[in-house]
Amino acid sequence: MRCVLIVVLLLLAGCASVPRQTQNACAIFEQRDGFFENWRRAAYSVEREYGVPVPVLMATIYTESGFRHNARPPRTYLLGFIPWKRQSTALGFSQALDGTWKRYKRETGRWAAKRTDFSDAIRFIGWYHSESNRRNGIALNDTYRLYIAYYHGHAGYKRGNWSSTAKTGGKRAATMAIKYSQQLKSCGSW
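Parameters and conventions
Residues numbered from 1 in each chain as written. Predicted model: local features only at pLDDT ≥ 70, side-chain atom pairs only at ≥ 80, totals over all residues. Heavy atoms only, no water. Salt bridge = Lys/Arg side-chain N within 4 Å of Asp/Glu carboxyl O. Helix = DSSP H or I, 4+ residues; strand = E, 2+ residues; numbered from the N terminus. Buried < 20%, exposed > 50% of the residue type's maximum accessible area, 1.4 Å probe, protein only. pLDDT = per-residue confidence, 0-100. Contact = heavy atoms within 4.5 Å. Core = buried A, V, L, I, M, F, W, Y, C linked by side-chain atoms within 4.5 Å. 1 Å grid on protein atoms, 1.4 Å probe; cavity = no way out; pocket = protein on both sides within 12 Å on 5 of 7 lines; lining within 4 Å. Points joined across faces, edges and corners; volume = space filled by probe spheres on them. Nonpolar A, V, L, I, M, F, W, Y, C, P; charged D, E, K, R; others polar. Polar contact = N/O pair within 3.5 Å; in protein donor to acceptor, adjacent residues only side chain to side chain. Phe/Tyr/Trp six-rings, centres within 6.5 Å; stacked < 30°, edge-to-face > 60°. Patch = residues over 30% accessible without salt bridge, like charges linked within 9 Å, V, L, I, M, F, W, Y side chains within 5 Å. Areas by Shrake-Rupley, 256 points an atom, 1.4 Å probe, with all protein chains shown as cover. Expected span 1.5 Å × (residues − 1).

A. Expanded view of the pattern of salt bridges. This structure, assessed with the given rule, holds seven salt bridges. Close ionic contact of E49 with R110 constitutes a salt bridge, the shortest N to O distance being 3.8 Å. Taken together, the positions of E49 in helix α3 (residues 39–50) and R110 in the loop between α5 (98–108) and α6 (118–136) put the pair 61 residues apart, joining distant regions of the chain. Residue class for E49 comes out partly exposed when judged on its relative accessible area of 39%. Between E49 and R123 there is a salt bridge whose closest N-O contact spans 2.8 Å. Of this pair, E49 sits in helix α3 while R123 is found in helix α6, placing the two residues 74 residues apart along the sequence.

Quick look at the structure:
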């Protein structure tokens, strides 16, 4: 009984940790290829469902949360030293805001989806990018513009007044998507 408990705890600890090589798509998928939590299977399922390429999906997560399941924005400080509110309600792999996450669950019927679950978060990103395609005409392989729409929202993207933070994030995501794409071509047979 004790051995079973130790094995379960080790498995759960592995699920909660960040992959060791977040800049290598093959390594990420190799590290998360479990029976219950298979990131490669989840990513390719979203690609089939929404048409967003896996490298774009993974680059968005890389840029938003660095693959940390419980990522949150930093807190603000009251009087310069008392921890106060967070800068936004963003949470999890996708850094989805509370309101956008509620809309996603309502529109897709995925009521049990959690932002801290990789499969749910990557599905959200695929849905959001497909909405960016539908609403703003952004190509599903245009990582830079998809990221800016993801960062500023669909209306913010349309206004065209993009922040330097969004542009920098868009460039970072686009560079990583190219890198992931090249890596995934040479991963070996899946």
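Moving on from the model shown.
B. Layout of the confidence of the model for the protein chain. Here the protein chain averages 88 in pLDDT, while 88% of its residues score no lower than 70. Within the protein chain, the element-level pLDDT minimum falls on helix α1 (residues 2–16), averaging 44, and the maximum on α6, averaging 98. Within the model, pLDDT remains below 50 along residues 3–14, and this stretch shows one contact once partners closer than five positions in the same chain are excluded.

C. Summary view of the nonpolar core. Formed by 46 residues in total, the largest nonpolar core has its most connected members in F29, M58, F67, F118, I122, F124 and Y180. Secondary structure elements with two or more residues in this core: α2 (25–31), α3, α4 (54–65), α5, α6, α7 (143–159) and α8 (164–185).

D. Focus on the layout of surface pockets. By volume, the largest pocket is sized at about 500 Å³. In terms of lining, the largest pocket is formed by 25 residues, of which the most central are E64, A90, Q95, Y150 and Y151. Where the lining of the largest pocket is concerned, the elements lending two or more residues are α4, α6, α7 and α8. With five residues, the single largest contributor to the lining of the largest pocket is α7. Looking at the lining of the largest pocket residue by residue, the classes come out as eleven nonpolar, ten polar and four charged.

E. Spotlight on the environment of R68. Here R68 shows up in the loop between α4 and β1 (75–78). For R68, a relative accessible area of 40% translates into the label partly exposed. Sequence-wise, R68 and G92 are 24 residues apart; in three dimensions their C-alpha atoms are separated by 6.7 Å. For R68, the contacting residues outside a window of four places in its chain are V18, G92 and F93. Of note is the side chain of R68, whose polar atom sits 2.9 Å from the backbone oxygen of S65.

F. Representation of the packing of aromatic side chains in the model. Per the stated rule, a full pass over the model turns up 17 aromatic pairs. On the numbers, 4.0 Å between centres and 10° between planes, the contact of W39 with F118 is stacked. With W39 in helix α3 and F118 in helix α6, the pair connects residues that are 79 residues apart, well separated along the chain. An identical accessibility class is assigned to W39 and F118; each is buried.

G. Inspection of a nonpolar patch on the surface at higher detail. Where nonpolar side chains cluster on the molecular surface, the patch consists of L78, L79, F81 and I82 and spans about 410 Å² of accessible area. Note on placement: L78 falls in strand β1. For L78, a relative accessible area of 36% gives the class partly exposed.

H. Up close: α5. Looking only at α5, the buried set comprises T100, W101, R103, Y104 and K105. Positioned one or two residues after α5, G109 has a phi angle of 75°, which is positive.

I. Region of the structure containing α8. Here α8 is 22 residues long and its end C-alpha atoms lie 32 Å apart, about the 32 Å a rise of 1.5 Å per residue gives. Within the sequence span of α8, burial applies to A166, G169, G170, A173, A174, M176, A177, Y180, Q183 and L184.

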